[in-house]
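# Summary of structural features
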Amino acid sequence: SAKHIVHAWCSELKLCIGQYEVAEKSNEIKAIPQLLDLLDISGCIVTIDAMGCQRAITEQIVEKGADFVIGVKENQPNLRKAIETTFERIGGARLAELSATHENKGHSRIENRTCIVVGCEELPEEIRKLWPAVKSIVKLISIRKSKGSQDEFESRFYISSCSVDAKQMGKYIRQHWSVENSLHWVLDVSFLE
């Protein structure tokens with residue numbers, strides 16, 4: 001069977017710049033720090049899916065002189081709940097000022113992505129103490145419209161050490177998916193992994 005490998009993908013160059021094999025009976029959480037140790041990431045923006053949402057990983061990235069944008073899901077329930085509650089508390093008009101929307105057309109559908117970035121000072125103090133490398137939290141709302149089917153609505157959440165506006169943050173998040181489309185898809189489909 002195929003080996004489980006964690007890849008470092010440079011979205012700008014469309015090139016895999018590093019990989020690390022996940023040890024047998026282990027997982028990506030242990031392999032990501034090993035791969036980061038092999039790379040000079042200073043000055044880079046490191047994006048990782050929710051599996052990498054670990055305090056030690058965020059601190060390692062910042063110590064190496066880079067910034068991060070990392071997905072947050074149910075593997076960090078307290079952080080996720082605090083982020084959701086913060087966005088609910090801030091609400092409508094203020095969030096609109098902190099957002100940017102991008103429309104994408106293709107594959108017989110239209111997708112609107114609204115990115116909202118809020119400073120970490122809005123999070124509860126106990127969360128800020130646990131996650132000192134986090135400088136902003138992000139909500140990405142995606143609405144996909146396809147002919148002949150119901151609209152799909154999805155909200156995703158992220159933490160980041162970046163202090164950038166919503167337009168730039170939306171670009172970072174969108175670039176993250178180039179690893180799925182340019183590397184993982186080829187491995188899955190062309191090489192049947």
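Everything here concerns the structure above.
Below is a summary of the structure that appears in this document. Given the structure is predicted, the values throughout are model-derived calculations rather than measurements.

Criteria and cut-off values
- Residues numbered from 1 in each chain as written.
- Predicted model: local features only at pLDDT ≥ 70, side-chain atom pairs only at ≥ 80, totals over all residues.
- Heavy atoms only, no water.
- Helix = DSSP H or I, 4+ residues; strand = E, 2+ residues; numbered from the N terminus.
- Polar contact = N/O pair within 3.5 Å; in protein donor to acceptor, adjacent residues only side chain to side chain.
- Contact = heavy atoms within 4.5 Å.
- Buried < 20%, exposed > 50% of the residue type's maximum accessible area, 1.4 Å probe, protein only.
- Core = buried A, V, L, I, M, F, W, Y, C linked by side-chain atoms within 4.5 Å.
- Salt bridge = Lys/Arg side-chain N within 4 Å of Asp/Glu carboxyl O.
- Phe/Tyr/Trp six-rings, centres within 6.5 Å; stacked < 30°, edge-to-face > 60°.
- Lys NZ or Arg CZ within 6 Å of the ring centre and 35° of its normal.
- Axes fitted to C-alpha atoms, helices over the stretch in contact; angles between N-to-C directions.
- Parallel < 35°, antiparallel > 145°, perpendicular 65-115°, else oblique.
- Nonpolar A, V, L, I, M, F, W, Y, C, P; charged D, E, K, R; others polar.

To continue, consider the side chain of Ser142. With respect to the helices and strands, the residue Ser142 is situated in strand S7 (residues 136-146). Within the local environment of Ser142, its side chain forms a polar contact with the side chain of Glu111, the two groups lying 2.6 Å apart. For Ser142, the contacting residues outside a window of four places in its chain are Glu111, Asn112, Arg113, Glu152, Phe153, Glu154 and Arg156.

On to the environment of Val72, then. Relative to the helices and strands, Val72 resides in strand S4 (residues 67-72). For Val72, a relative accessible area of 2% translates into the label buried. Taking the C-alpha atoms as reference, Val72 lies 27 Å from Lys105; in sequence the two are 33 residues apart. Among all residues touching Val72, those that are not within four sequence positions of it are Ala50, Cys53, Leu79, Arg80, Ile83, Phe157, Tyr158 and Ile159.

Moving on, we get to the nonpolar core. As a rule of thumb, nonpolar side chains are buried together in soluble globular proteins. In this structure, Ile61, Leu79, Ile83, Phe87, Ile137 and Ile159 are the most contacted members of the largest nonpolar core, which totals 36 residues. Counting residues per element, this core draws most heavily on helix H3 (residues 77-90), at five residues. Among all residues touching Ile159, those that are not within four sequence positions of it are Cys53, Thr58, Phe68, Val69, Ile70, Val72, Leu79, Ile83, Trp131, Val134, Ser136 and Ile137. Within the second largest apolar cluster, 11 residues are counted, among which are Val69, Cys115, Tyr158 and Tyr172.

In the structure shown here, the tally under the stated rule is 11 salt bridges. Glu84 is the partner of Arg80 in a salt bridge, and the nearest nitrogen-oxygen pair spans 2.5 Å. Highlighted residues: Arg80 and Glu84, both in helix H3, separated by four residues, approximately one helical turn.

A separate point is the packing of aromatic side chains. Within the structure shown, the criterion is met by one aromatic pair. When the ring of Phe87 is compared with that of Phe157, the centres are 6.2 Å apart and the planes differ by 45 degrees; the resulting orientation is tilted. Placement of the pair is Phe87 in helix H3 and Phe157 in strand S8 (residues 152-160), with a sequence separation of 70 residues. Each member of the pair, Phe87 as well as Phe157, is classed as buried. Taking NZ or CZ as reference, Arg55 lies 5.8 Å from the ring centre of Trp131, over its face.

Further remarks concern the packing of helix H1 (residues 28-38) against helix H2 (residues 55-63). Look at H1 against H2: their axes get within 10 Å of each other, and the N-to-C directions meet at 5 degrees. Classified by the angle their axes make, H1 and H2 are roughly parallel. For the pair H1 and H2, the contacting residues are Ile29, Ile32, Pro33, Leu36 and Asp37 in the first and Ile57, Gln60 and Ile61 in the second. Residues belonging to the contact of H1 with H2 are distributed by class as follows: six nonpolar, one polar and one charged.

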